[in-house]
Amino acid sequence: MNVIDRLNYIRKHLKEGVRLVAVSKFQNSESILEVYNAGQRLFGENKVKELYHKYQQLPKDIEWHFIGHLQTNKLNYVVPFVDTIHSIDSFRLLNKTNYCALKYNRRIKVLLQMHIAKEVNKFGFSFGEVENLLSDKLWKTFKNVDIIGLMGMASFTENQDQITKEFSSLSNFFLKLKNQYFFDKKNFKELSMGMSGDYLLAIKQGSTMVRIGSSIFGKKTKNNEINSEIEREI
Ligand SMILES: *Cc1c(COP(=O)(O)O)cnc(C)c1O
């Protein structure tokens, strides 16, 4: 199968209403354009420099989602054009994103990244931390960020029950927050969960956005000239 076959295969397996974020990290503009030309407009990147560079090179009707760990001092590079940030993992980052978006006169859609995996080194809030954040009224004063949902990554394991359990806990927490804090906010409706290895399980648990890289583009190759080029630029 080539890239387009793999893209179409995945599209066929998505439930209606589930959006595909094509994760184009490590890919050069040429491969991204191939997928773009097959009609894909939503792409995800996890590195600021890489995203910044690709934004400049690629068609402007691409909807860019940032999905990686974001440092506040890099916000200026992505806030001017990014559509959605999936990876808000601290109050400080939420606050600074709002401030930066105000500066550029933008309103950015954001998801709160939850730590649901067993691994200790993954970023994200605990359920309790998010409850603390939301029970304080301060976030409601942030006019330039729109909290549209939650994001999470399951444990890196073959154990399907474990993965299902983690997705389902995120899904339940999402519903709880919706009832408690977002009942009057119709935009709070997104659950970003599911990657190449587990997107079908995620969809079963209510995912509305799957972030898929290697199953579309193939495994990461050594052909990463573009990255060293970007390193020099910023
Ligand atoms: C790389 C990445 C993905 C896509 O992973 P694949 O397994 O290649 O589909 C999804 N989400 C995040 C946050 C990523 O960094």
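Basis of the calculations
- Every chain is numbered independently, its residues counted from 1 as its sequence is written.
- Whole-chain, interface and lining totals are the exception, using all residues; otherwise, since this is a predicted model, local features are given only for residues with pLDDT of at least 70 and side-chain atom pairs are given and counted only at 80 or more.
- Heavy atoms throughout the structure, all of them, feed into the side-chain values; hydrogens and water do not.
- Being near a molecule or strand, for a residue, comes down to having at least one heavy atom within 4 Å of it.
- Any pair of nitrogen or oxygen atoms within 3.5 Å is treated as a polar contact; in protein, a donor-acceptor pairing is required on top of that, and neighbouring residues in sequence qualify only through side-chain atoms on both sides.
- Shrake-Rupley sampling with a 1.4 Å probe provides the accessible areas, and residues are treated as covered by the protein chains on show and by no other component.
- Lys, Arg, Asp and Glu make up the charged group, whereas Ala, Val, Leu, Ile, Met, Phe, Trp, Tyr, Cys and Pro make up the nonpolar group; the residues left over, Gly among them, are polar.
- Among buried residues, the Ala, Val, Leu, Ile, Met, Phe, Trp, Tyr and Cys ones that are joined through side-chain atoms within 4.5 Å form a nonpolar core.
- The classification of residues rests on relative accessible area computed with a 1.4 Å probe and restricted to protein chains. Under 20% of the type maximum is buried, over 50% is exposed, and intermediate values are partly exposed.
- Where helices and strands are cited, they refer to DSSP runs of H or I of at least four residues and of E of at least two residues respectively, numbered from the N terminus.
- By definition, residues are in contact when any of their heavy atoms lie within 4.5 Å.

1. Here we look at the site of the ligand
As a structural note, the neighbourhood of the ligand is formed by Val23, Lys25, Asn46, Ile67, Met153, Met195, Ser196, Arg211, Ile212, Gly213 and Ser214. In the model, an oxygen atom of the ligand is placed 2.8 Å from a nitrogen or oxygen of the Lys25 side chain. Arg211 is positioned with one of its side-chain polar atoms (N or O) 2.9 Å from a nitrogen atom of the ligand. Burial of the ligand by the surrounding chains reaches 86%, relative to a free accessible area of 390 Å². Residue composition of the shell around the ligand, grouped by class: five nonpolar, four polar and two charged.

2. Section: the nonpolar core
Phe43, Leu94, Trp139, Leu150, Leu177 and Ile216 are the most contacted members of the largest nonpolar core, which totals 63 residues. Broken down by element, the residue count for this core peaks at seven residues, all from helix α7 (residues 160-181). With residues up to four places along the chain from it excluded, the contact list for Leu94 reads Ile88, Val110, Leu133, Trp139, Phe142, Val145 and Ile147.

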